[in-house]
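Observations on chain architecture
Take a look at the letters that make up each chain.
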Amino acid sequence: MKIGLVKGTVTATLKDPQLVGGKLLLTDIVDAKGKVLEAALVAVDTVGAGVGDRVVIVTGSAARQPAGVAGQPVDATIVGVVDGLSVTE
Amino acid sequence: MKIGLVKGTVTATLKDPQLVGGKLLLTDIVDAKGKVLEAALVAVDTVGAGVGDRVVIVTGSAARQPAGVAGQPVDATIVGVVDGLSVTE
Amino acid sequence: MKIGLVKGTVTATLKDPQLVGGKLLLTDIVDAKGKVLEAALVAVDTVGAGVGDRVVIVTGSAARQPAGVAGQPVDATIVGVVDGLSVTE
Amino acid sequence: MKIGLVKGTVTATLKDPQLVGGKLLLTDIVDAKGKVLEAALVAVDTVGAGVGDRVVIVTGSAARQPAGVAGQPVDATIVGVVDGLSVTE
Amino acid sequence: MKIGLVKGTVTATLKDPQLVGGKLLLTDIVDAKGKVLEAALVAVDTVGAGVGDRVVIVTGSAARQPAGVAGQPVDATIVGVVDGLSVTE
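As the structure is a computational prediction, the values presented were derived from the model and not from experiment. (Residues numbered from 1 in each chain as written. Chains lettered and ligands numbered in written order. Predicted model: local features only at pLDDT ≥ 70, side-chain atom pairs only at ≥ 80, totals over all residues. Heavy atoms only, no water.)

1. Structural notes on the overall build of chain A
- A count of helical and extended segments in chain A gives zero helices and seven strands.
- Put simply, chain A runs from its N terminus to its C terminus through helices and strands in the order β-β-β-β-β-β-β.
- For chain A, whose C-alpha radius of gyration is 13 Å, the value lies close to the compact-globule estimate of 12 Å for 89 residues.
- Summarising its shape, the C-alpha atoms of chain A cover approximately 45 × 25 × 20 Å along the three principal directions.
- Here chain A holds 89 residues, and 54% of them are scored as buried.
- Relative to all contacts within chain A whose residues are 6 or more apart in sequence, the contacts with residues 24 or more apart total 50%.
- As presented, chain A carries roughly 3,300 Å² of accessible surface, and 52% of it is formed by carbon and sulfur atoms.
- Distance from the positive charge centre (8 side chains) to the negative charge centre (9 side chains) of chain A: 2 Å. (Helix = DSSP H or I, 4+ residues; strand = E, 2+ residues; numbered from the N terminus. Rg over C-alpha atoms; globule rule 2.2 N^0.38 Å. Buried < 20%, exposed > 50% of the residue type's maximum accessible area, 1.4 Å probe, protein only. Contact = heavy atoms within 4.5 Å. Areas by Shrake-Rupley, 256 points an atom, 1.4 Å probe, with all protein chains shown as cover. Lys, Arg positive; Asp, Glu negative; His and termini not counted. Charge placed at Lys NZ, Arg CZ, Asp CG, Glu CD.)

2. Thoughts on the arrangement of the chains
- The smallest C-alpha distance separating chain B from chain C is 10 Å, and no contact links them.
- With respect to C-alpha atoms, chain B approaches chain E no nearer than 10 Å, and the pair has no contact.

3. Focus on the interface of chain C and chain A
- Each side of the interface is counted separately: chain C has 30 residues, and chain A has 27 residues.
- For the pair chain C and chain A, the two sides together bury roughly 2,100 Å², of which 56% comes from carbon and sulfur.
- Joining chain C to chain A, the criterion identifies one salt bridge.
- Between Glu38(C) and Lys2(A) there is a salt bridge; the shortest N-O distance is 3.9 Å.
- Summed over the shared surface of chain C and chain A, the number is 11 residue pairs in polar contact (both at pLDDT 80 or more).
- Among the elements of the structure, strand S1 (2-11), strand S2 (14-15), strand S3 (24-30) and strand S4 (36-45) of chain C are those that each provide at least two residues to the side of chain C that touches chain A. (Buried area = accessible area lost by both parts, 1.4 Å probe. Salt bridge = Lys/Arg side-chain N within 4 Å of Asp/Glu carboxyl O. Polar contact = N/O pair within 3.5 Å; in protein donor to acceptor, adjacent residues only side chain to side chain.)

4. Observations regarding the interface of chain B and chain D
- Taken together, the contacts link 30 residues of chain B with 27 residues of chain D.
- In total, chain B and chain D occlude about 2,100 Å² of area from one another, counting both sides; carbon and sulfur atoms represent 56% of this.
- It is Lys7(B), Leu14(B) and Asp75(B) that lose the most area in chain B upon contact with chain D, and together they represent 23% of the buried surface on that side.
- Linking chain B with chain D are one salt bridge.
- Elements represented by at least two residues in the side of chain B that touches chain D include exactly strand S1 (2-11), strand S2 (14-15), strand S3 (24-30) and strand S4 (36-45) of chain B.
- Tallied by class, residues from the side of chain B that touches chain D come to 16 nonpolar, eight polar and six charged.
- Across two bridges, S2(B) lies against strand S6 (residues 76-81) of chain D in antiparallel orientation. Among the inter-strand pairings, Lys15(B) is bridged to a residue of S6(D), identified as Gly80(D). (Nonpolar A, V, L, I, M, F, W, Y, C, P; charged D, E, K, R; others polar. Pairing = 2+ DSSP bridges.)

5. Some thoughts on the relation of the copies chain B and chain D
- Rotating chain B by 72° and moving it 0.0 Å along the rotation axis overlays it on chain D with an RMSD of 0.0 Å. Put plainly, the chains are arranged around a five-fold axis.
- A share of only 3% of the interface residues of chain B reappears at the interface of chain D, consistent with the copies meeting through non-equivalent patches. (Least-squares fit on C-alpha atoms with pLDDT ≥ 70 in both.)

Structure below.
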């Protein structure tokens, strides 16, 4: 999984029928200090995340494991909102 | 998912039988400002996208979830046309 | 698989029901000499690894093969604690 | 999918039984102008491609979708020979 | 698939039960001239490869296709030993 920072939302009127009703969020993948490691990953939200939240994003086939997105054409899903990171330097 | 910008089309007369009739588009993966993050990704279109459109591209096994491409040898599929991106800086 | 160095823990109260009770560790992917190749990969632990351990991390659909995480939305799992690396230069 | 340029062949006498008889080609992933984006990807051929051909390569689990390679341990398969690329700059 | 150069071995006493008895090799992904493209990939061996061998490595879900590793938590498997590379520059 990766740590993502939710930056905004993606609107697409014309889309796959299975994606209708879903919430697509624009995220940056970041490290523990907030440095951007990968930009502009679009993830579907399953836990009620919002802009500014630091989240846990799962990718690949695992992104379809949450009940709300089973069988959907999604490859990145927000599965948690990060409360805290404990890092030992 | 990633944001793609459709740049052109790919023609291949000699190809896998399952791909015959499909539309292969050449895309660049971009960020919210249009900066190219990854070049020359070939994606199959399922929503009627065209050159110049900004699109949502799903990759990996999820690319075979849309009904029109089930079972096909495709790893990148256009599943939406982007109307707008709302980004909070 | 990759070699990871466990750096810390990730806390997420609001998360996918299947992840409740699991232990999410923050890791850096490293080479044999400890050089960081990829930062901030979040992996679920199945072998009792702790901060400071060098571990074997499996990614992708294989990350759901261990019995403890079958069916969970995880894409990176710690499947071993490294005792030693024997490298011939 | 990616655009590949076939550079050569890979010979391996000792290999997985399922790969015996298959043709492994050494390719570079390129963009529309031929710039190398990723070197030395080994792909199995299913369409009769040869050295010097520009091809469409599918990766991941989709690489096992063509009938000729179903169930084989392959993660990159040539599924088309490119006739032309139409790009709007 | 990728071309790997076997650099050493990984020892892990504490590991997933399905990995017990398997041989984990530390490899570098290289191009045709031996230039390192990606360091420190840990691959399970199914063909009797040893340190110094140039090998064919399959990744992703395809890494679990060989009979010896079916169902195991592995994402990179050595499926051939390279005898020769024929490259047309």
